[in-house]
Amino acid sequence: MTAQDLIAFETEIADLFNAAKIRAPIHLYYGNEEKMIELFRDVKPEDWVFCSWRSHYQCLLKGVPREELKSEILAGHSISLCFPKQRIVSSAIVGGIIPIAVGAALSLKRKGEKGMVHCFAGEMTSETGIFHESVKYSYNHQLPIRFIVEDNGKSVCTDTREAWAQKVLTYENDRHPLVTFYKYETKYPHAGAGQRVQF
Ligand SMILES: Cc1ncc(C[n+]2csc(CCOP(=O)(O)OP(=O)(O)O)c2C)c(N)n1
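Criteria and thresholds
Per chain, residue numbering runs from 1 following the sequence as it is written. This being a predicted model, a pLDDT of at least 70 is required before a residue's local features are given, and a value of 80 or more before pairs of side-chain atoms are given or counted; all residues contribute to the totals for chains, interfaces and linings. Water and hydrogen atoms play no part in the side-chain values, which are based on all heavy atoms of the structure. By definition here, a salt bridge exists when the distance from a side-chain nitrogen of Lys or Arg to a carboxyl oxygen of Asp or Glu is within 4 Å. Numbered from the N terminus, helices here are DSSP runs of H or I no shorter than four residues, and strands are runs of E no shorter than two. Only protein chains enter the accessibility calculation, which uses a 1.4 Å probe; a residue is then buried when its area is under 20% of its type maximum, exposed when over 50%, and partly exposed in between. The arc under discussion is defined with respect to the helix axis, by the directions toward the C-beta atoms. The way it works is a 1 Å grid over only the protein atoms, where trapped points that fit a 1.4 Å probe form a cavity and open points with protein on both sides within 12 Å along at least five of seven lines form a pocket, and then any residue with an atom within 4 Å of a point lines it. Grid points are joined across faces, edges and corners, and a volume is the space filled by probe spheres set on the points. Classification used: nonpolar for Ala, Val, Leu, Ile, Met, Phe, Trp, Tyr, Cys and Pro, charged for Asp, Glu, Lys and Arg, polar for all others including Gly. A fitted line through C-alpha atoms represents every axis, and for helices the fit uses only the stretch in contact; the resulting angles, taken between N-to-C directions, go from 0 to 180 degrees. When an angle is under 35 degrees it counts as roughly parallel; over 145 it counts as roughly antiparallel; between 65 and 115 it counts as roughly perpendicular; any other value is oblique. What makes a crossing left-handed is the near helix being turned counterclockwise from the far one by less than a right angle; a clockwise turn instead makes it right-handed. The contact criterion used is simple: two residues touch if any of their non-hydrogen atoms lie within 4.5 Å.

## A word on the pattern of salt bridges
- All chains considered together, the criterion is met by nine salt bridges.
- One salt bridge connects Arg-66 with Glu-67, and the closest N-O pair in it is separated by 3.8 Å.
- A salt bridge links Lys-183 to Glu-172; the nearest nitrogen and oxygen atoms lie 3.0 Å apart. Pair noted here: Lys-183 is in strand β7 (residues 179–183) and Glu-172 is in the loop between α7 (160–164) and β7, with a separation of eleven residues, a long-range link.
- In this structure Glu-172 comes out as buried when scored by relative accessible area, which is 6%.
- Each of Glu-12, Arg-66, Glu-67 and Lys-70 takes part in salt bridges that share partners, so that together they form one network.

Structure, rendered in structure tokens:
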């Protein structure tokens, strides 16, 4: 899976959305392809990946077949994609997936199973109480989990740093051993593909 493959997939979904072929919200990635490929070098088949409403790249990189992913998106499930076989779980509730990911990591540890959890979150999600608690619990209990914070600067249309009056966010500059923080600039709006779609 190359950066071009990832971009081509999102472009195809954007075109389908703008052509009113998808009757449900979509959230697209752009501009973080190399970073995602780098992050997935550390993701093994037995690992679990937990995502938010934006997860097409994770699904492709975890091995969900392109056409299977596309048909789930066409069926309206882009916002909460789950593929148990590839161990991908998503939730569209801000902060909703974080404690579930922690629970999965706790289960792996208790059962002595192989593998670890990779949990993705936007930078606004990373400033919520549940994220802070989950990182603290995971670190103190030495759970097999890492959190990846993806900073596009915005929470829908709200500037995250302005909202918290905080120039440097809590986990910026990889200040916590369990948290990887990276910035990217997308060309897509928070949801949709940039055109008003009418059915
Ligand atoms: C509990 C809850 N409140 C509000 C929303 C609406 N909502 C969806 S995404 C989002 C912004 C989240 O921002 P961030 O975590 O930075 O993610 P990203 O910018 O990557 O989408 C909001 C407020 C929601 N899905 N769930």
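## Thoughts on helix α2 (residues 33–40)
- Where α2 is concerned, the buried positions are Glu-33, Met-36, Ile-37, Leu-39 and Phe-40. For α2, the arc enclosing every buried residue in end-on projection is 160 degrees, short of the 170-degree limit, so these residues lie on one face.

## Let's talk about empty space enclosed by the protein
- Per the counting criterion, the structure on display carries one cavity of 30 Å³ or more.
- Roughly 30 Å³ of volume is contained in the largest cavity.
- Forming the boundary of the largest cavity are Ser-52, Trp-53, Ile-93, Val-94, Gly-95, Ile-97, Ile-98, Phe-120, Ala-121 and Thr-125.
- Only α5 (97–111) and β3 (117–122) provide two or more residues apiece to the lining of the largest cavity.
- Residue composition of the lining of the largest cavity, by class: seven nonpolar, three polar and no charged.

## What to know about the packing of helix α1 (residues 3–18) against α2
- Orientation of α1 relative to α2, taken along the N-to-C sense of each, is 120 degrees, at an axis distance of 9 Å. One finds that α1 runs oblique with respect to α2. For the pair α1 and α2, the sense of crossing is right-handed. Contact residues: α1 offers Ala-3, Leu-6 and Ile-7, while α2 offers Glu-33, Glu-34 and Ile-37.
- Here the contact of α1 with α2 is composed, by residue class, of four nonpolar, no polar and two charged.

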